[in-house]
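Spelled out from the first residue to the last, the chains are:
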Protein chains: 2
Amino acid sequence: MRAFLVLETAALFDVAQLSAIRVAASVEMLHAYSLVHDDLPAMDDDDLRRGRPTAHRAFDEATAILAGDALLTRAFELLAEPETHNDPQVRCDLVMALGQASGASGMAGGQMIDMVSEGMVLDLAEISRLQAMKTGGLIQYSAKAGAILGNARHSDREALAAYGADLGTAFQIADDLLDAEGTAEEIGKTAGKDAAAGKATMVSILGMERARMLAGELSSRAIVHLKSFDDRAVNLRALADFVVSRRS
Amino acid sequence: MRAFLVLETAALFDVAQLSAIRVAASVEMLHAYSLVHDDLPAMDDDDLRRGRPTAHRAFDEATAILAGDALLTRAFELLAEPETHNDPQVRCDLVMALGQASGASGMAGGQMIDMVSEGMVLDLAEISRLQAMKTGGLIQYSAKAGAILGNARHSDREALAAYGADLGTAFQIADDLLDAEGTAEEIGKTAGKDAAAGKATMVSILGMERARMLAGELSSRAIVHLKSFDDRAVNLRALADFVVSRRS
């Protein structure tokens with residue numbers, strides 16, 4: 001999904017395909033590193049990911065830690081290389097935006113808060129903020145990346161950032177719903193882990209029905225943010241529909 | 001040492017102090033992340049670092065993994081920020097150079113080879129290459145960083161890169177010597193670990209006496225590379241002396 005977002009938002013501004021593909025590859029590397037580290041025994045301790053053994057099960061823990069580190073490093077290096085964009089300011093903007101989305105104030109910080117708050121009672125606002133850090137930030141970054149690459153005007157950047165924020169939250173609620181109701185076979189990872197770990201999610205607080213409604217509303221709102229892009233945003237609209245209707 | 005190298009090489013080219021300090025902070029973050037991850041139970045499994053409990057002992061493994069991830073991320077983000085240098089091309093060059101020194105072809109890759117080759121018989125050339133990846137690259141990057149920041153001419157960049165390469169190897173041999181002969185109190189980490197793990201080092205292959213001689217030769221050669229900088233390189237020369245004479 002993250003790569004798709006980069007490619008589709010870049011297409012809105014006629015960004016060269018090589019630039020878009022490199023940024024898409026970079027965000028997938030970043031995302032893959034986060035999955036490999038999150039699955040470690042000391043973290044979420046998961047054996048399955050996308051229906052296959054997690055990295056530390058297929059290899060060993062040291063390999064998983066180092067592979068994650070190398071992917072994270074390569075993601076930033078790739079962005080800074082001249083082939084990514086001819087304007088070095090754009091490359092720096094991408095590095096900064098990715099850093100913000102994934103570092104201590106973003107994904108890594110969110111994962112830390114998630115570990116520390118296990119067993120604690122979080123309210124909806126707290127969970128919402130936690131999810132925005134943990135998963136929302138990278139999705140929002142992916143939606144903004146095309147605008148950064150395309151030197152888009154301010155209003156277009158804001159529209160895509162708003163789209164990305166709503167899409168990210170809708171995606172996370174849908175993910176929590178799948179975890180609550182799905183089977184490992186369907187979702188490609190261990191099911192029911194959140195409930196087993198006593199982790200509060202949007203679903204555990206709102207209940208399945210209201211959570212499903214909220215996800216639908218967020219998906220619709222995400223689509224509204226795309227109105228200035230008319231027909232060119234057809235795939236981005238379809239993605240907003242898809243994240244709340246998917247079964248895996 | 002890494003921060004010192006950045007500050008001293010930057011001073012050769014009259015780089016603004018804020019720029020030099022930010023790049024020095026970035027490389028120390030990168031180095032700190034590598035220590036925190038290398039000390040993990042799945043990696044070198046160390047309890048002591050700089051005479052104090054390692055991160056996973058003072059806190060827990062998840063915290064150590066995430067703190068390392070966040071430090072790594074912040075190191076790159078910091079370099080890309082406008083305050084680091086007014087020329088975005090210079091910021092991109094720093095991100096790329098740091099990425100090369102620390103990723104799969106550098107530090108992380110070297111650590112992986114080190115784990116995989118434990119118990120294997122490596123010859124001097126193989127160990128030399130492994131050490132250059134594992135520790136030499138980041139030291140060399142630190143020596144080059146001032147030249148990148150200062151838009152130095154090619155010959156000056158090459159001279160500092162050569163200085164950094166020799167300094168890094170000398171440092172590593174000195175480190176291996178300390179590990180072989182030192183006590184935990186002196187070196188601030190568990191002593192004799194390499195021998196206990198059956199790890200080949202320059203010292204185990206050459207013996208203490210020849211290893212000490214080689215370190216001295218490399219230190220002298222490092223100093224020769226600095227000749228075009230005359231008096232301004234006095235601290236860089238002193239560092240080359242220090243790395244082979246230090247007791248901790």
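From a predicted model like this one, the values you see are computed outputs, not experimental measurements.

Asks: For this particular structure, what's the right way to read the pattern of salt bridges?
Replies: In a structure, side chains of opposite charge can pair up when their charged atoms sit close to one another. For the structure on display, the rule yields 26 salt bridges over all chains. We note a salt bridge from Arg57 of chain A to Asp47 of chain A, for which the minimum N-O separation is 3.4 Å. With a gap of 10 residues between them, Arg57 of chain A in helix α3 (residues 55-58) and Asp47 of chain A in the loop between α2 (17-38) and β1 (48-49) connect regions that are remote in the sequence. Arg22 of chain B is paired through a salt bridge with Glu81 of chain B; the nearest N and O atoms lie 2.6 Å apart. Of this pair, Arg22 of chain B sits in helix α2 (residues 17-38) while Glu81 of chain B sits in the loop between α4 (61-80) and α5 (88-102), placing them 59 residues apart in sequence. Owing to a relative accessible area of 14%, Arg22 of chain B belongs among the buried residues under this scheme. Among the charged side chains, a network of salt bridges with common partners joins Arg22, Arg74, Glu77, Glu81 and Glu83 of chain A.

Asks: Any chance you could explain the environment of Ser34 of chain A here in plain terms?
Replies: Residues and elements named next belong to chain A. The residue Ser34 is located in helix α2 in this model. For Ser34, a relative accessible area of 6% puts it in the buried group. Taking the C-alpha atoms as reference points, Ser34 and Ala108, 74 residues apart in sequence, are found 8.2 Å from one another.

Asks: Sorry, what's going on with helix α5 (residues 88-102) of chain A here?
Replies: Note: α-helices contain 3.6 residues per turn, so residues at a spacing of three or four share the same orientation. Between the first and last C-alpha of α5 of chain A there are 21 Å, a value that for 15 residues agrees with the 21 Å anticipated at 1.5 Å per step. Counted residue by residue, α5 of chain A has 12 buried out of 15 residues, so it is predominantly covered. Buried within α5 of chain A we find Pro88, Val90, Arg91, Cys92, Leu94, Val95, Met96, Ala97, Leu98, Gly99, Ala101 and Ser102 of chain A. Contact partners of the buried residues in α5 of chain A: α2, α4 (61-80), α6 (107-116) and α7 (124-149) of chain A together with α4 and α5 of chain B. For α5 of chain A, the capping residue at the N-terminal end is Asp87 of chain A, with a side-chain oxygen 2.9 Å from the backbone nitrogen of Gln89 of chain A.

Asks: Looking at this structure, how should I read the confidence of the model for chain A?
Replies: Should the pLDDT be low somewhere, the predicted coordinates at that spot are not to be read in detail. Overall, the predicted model of chain A reaches an average pLDDT of 93, with 94% of residues at or above 70. Scoring of the predicted complex yields 0.94 for pTM and 0.93 for ipTM.

Asks: Explain the nonpolar core here, please?
Replies: Looking at soluble globular proteins, one finds that nonpolar side chains tend to be buried together. One finds Tyr141 and Tyr163 of chain A together with Tyr141 and Tyr163 of chain B to be the most contacted residues of the largest nonpolar core, which totals 122 residues. Once you skip the residues sitting within four places of it in the chain, Tyr141 of chain A turns out to touch Val23, Val27, Leu79, Leu94, Ala97, Leu98 and Ala101 of chain A. Judged by nonpolar contacts, the second largest core, of 18 residues, contains Ala64, Ile65 and Ala108 of chain A together with Leu40 of chain B.

Asks: What is the right way to read the interface of chain B and chain A from this model?
Replies: Quite often, the size of an interface is put as the accessible area lost when its parts meet. The interface is formed by 34 residues belonging to chain B together with 34 residues belonging to chain A. Between chain B and chain A the total buried area reaches about 2,900 Å² when both faces are included, carbon and sulfur atoms providing 77% of it. In this assembly, chain B and chain A are joined by zero salt bridges. On inspection of chain B and its partner chain A, the count reaches two residue pairs in polar contact (both at pLDDT 80 or more). Counting residues per element, the ones that place at least two in the side of chain B that touches chain A are α2, α4, α5 and α6 (107-116) of chain B. It is α4 of chain B that provides the largest number of residues to the side of chain B that touches chain A, a total of 12 residues. Split by residue class, the side of chain B that touches chain A holds 20 nonpolar, nine polar and five charged.

Asks: Which parts of the structure should I look at to understand the packing of helix α12 (residues 208-224) of chain A against helix α13 (residues 234-245) of chain A?
Replies: Angle between the axes and distance between the axes: these two values describe a pair of packed helices. All names here are of chain A. For the pair α12 and α13, the least separation of the axes is 9 Å and the interaxial angle reads 175°. By the angle class used here, α12 and α13 are roughly antiparallel. Across the interface between the two elements, Ala215, Gly216, Ser219, Ala222 and Ile223 of α12 pack against Arg237, Ala240, Asp241 and Val244 of α13.

Asks: How should the relation of the copies chain B and chain A be read in this particular structure?
Replies: What relates the pair of chain copies is a rotation about an axis plus a shift along that axis. After a rotation of 180° and a shift along the axis of 0.0 Å, chain B superposes on chain A with an RMSD of 0.0 Å. The two molecules are tied by a two-fold rotation axis, judged by turn and shift. When C-alpha distances to the rotation axis are compared across chain B, the minimum falls at Pro88 of chain B, with a value of 2.7 Å.

Asks: How do you make sense of the packing of aromatic side chains when you look at a structure like this?
Replies: To describe a pair of aromatic rings, you give the distance between the ring centres and the angle between the ring planes. All names here are of chain A. The final tally for this structure, using the stated rule, is three aromatic pairs over all chains. An angle of 90° between the planes, with centres 6.1 Å apart, marks the rings of Phe13 and Phe229 as edge-to-face. Of this pair, Phe13 sits in the loop between α1 (2-12) and α2 while Phe229 sits in the loop between α12 and α13, placing them 216 residues apart in sequence. Classification of Phe229 as buried rests on a relative accessible area of 2%.

Here is what the cut-offs are and how they apply
Residues numbered from 1 in each chain as written. Chains lettered and ligands numbered in written order. Predicted model: local features only at pLDDT ≥ 70, side-chain atom pairs only at ≥ 80, totals over all residues. Heavy atoms only, no water. Salt bridge = Lys/Arg side-chain N within 4 Å of Asp/Glu carboxyl O. Helix = DSSP H or I, 4+ residues; strand = E, 2+ residues; numbered from the N terminus. Buried < 20%, exposed > 50% of the residue type's maximum accessible area, 1.4 Å probe, protein only. Expected span 1.5 Å × (residues − 1). Contact = heavy atoms within 4.5 Å. Polar contact = N/O pair within 3.5 Å; in protein donor to acceptor, adjacent residues only side chain to side chain. pLDDT = per-residue confidence, 0-100. Core = buried A, V, L, I, M, F, W, Y, C linked by side-chain atoms within 4.5 Å. Buried area = accessible area lost by both parts, 1.4 Å probe. Nonpolar A, V, L, I, M, F, W, Y, C, P; charged D, E, K, R; others polar. Axes fitted to C-alpha atoms, helices over the stretch in contact; angles between N-to-C directions. Parallel < 35°, antiparallel > 145°, perpendicular 65-115°, else oblique. Least-squares fit on C-alpha atoms with pLDDT ≥ 70 in both. Phe/Tyr/Trp six-rings, centres within 6.5 Å; stacked < 30°, edge-to-face > 60°.

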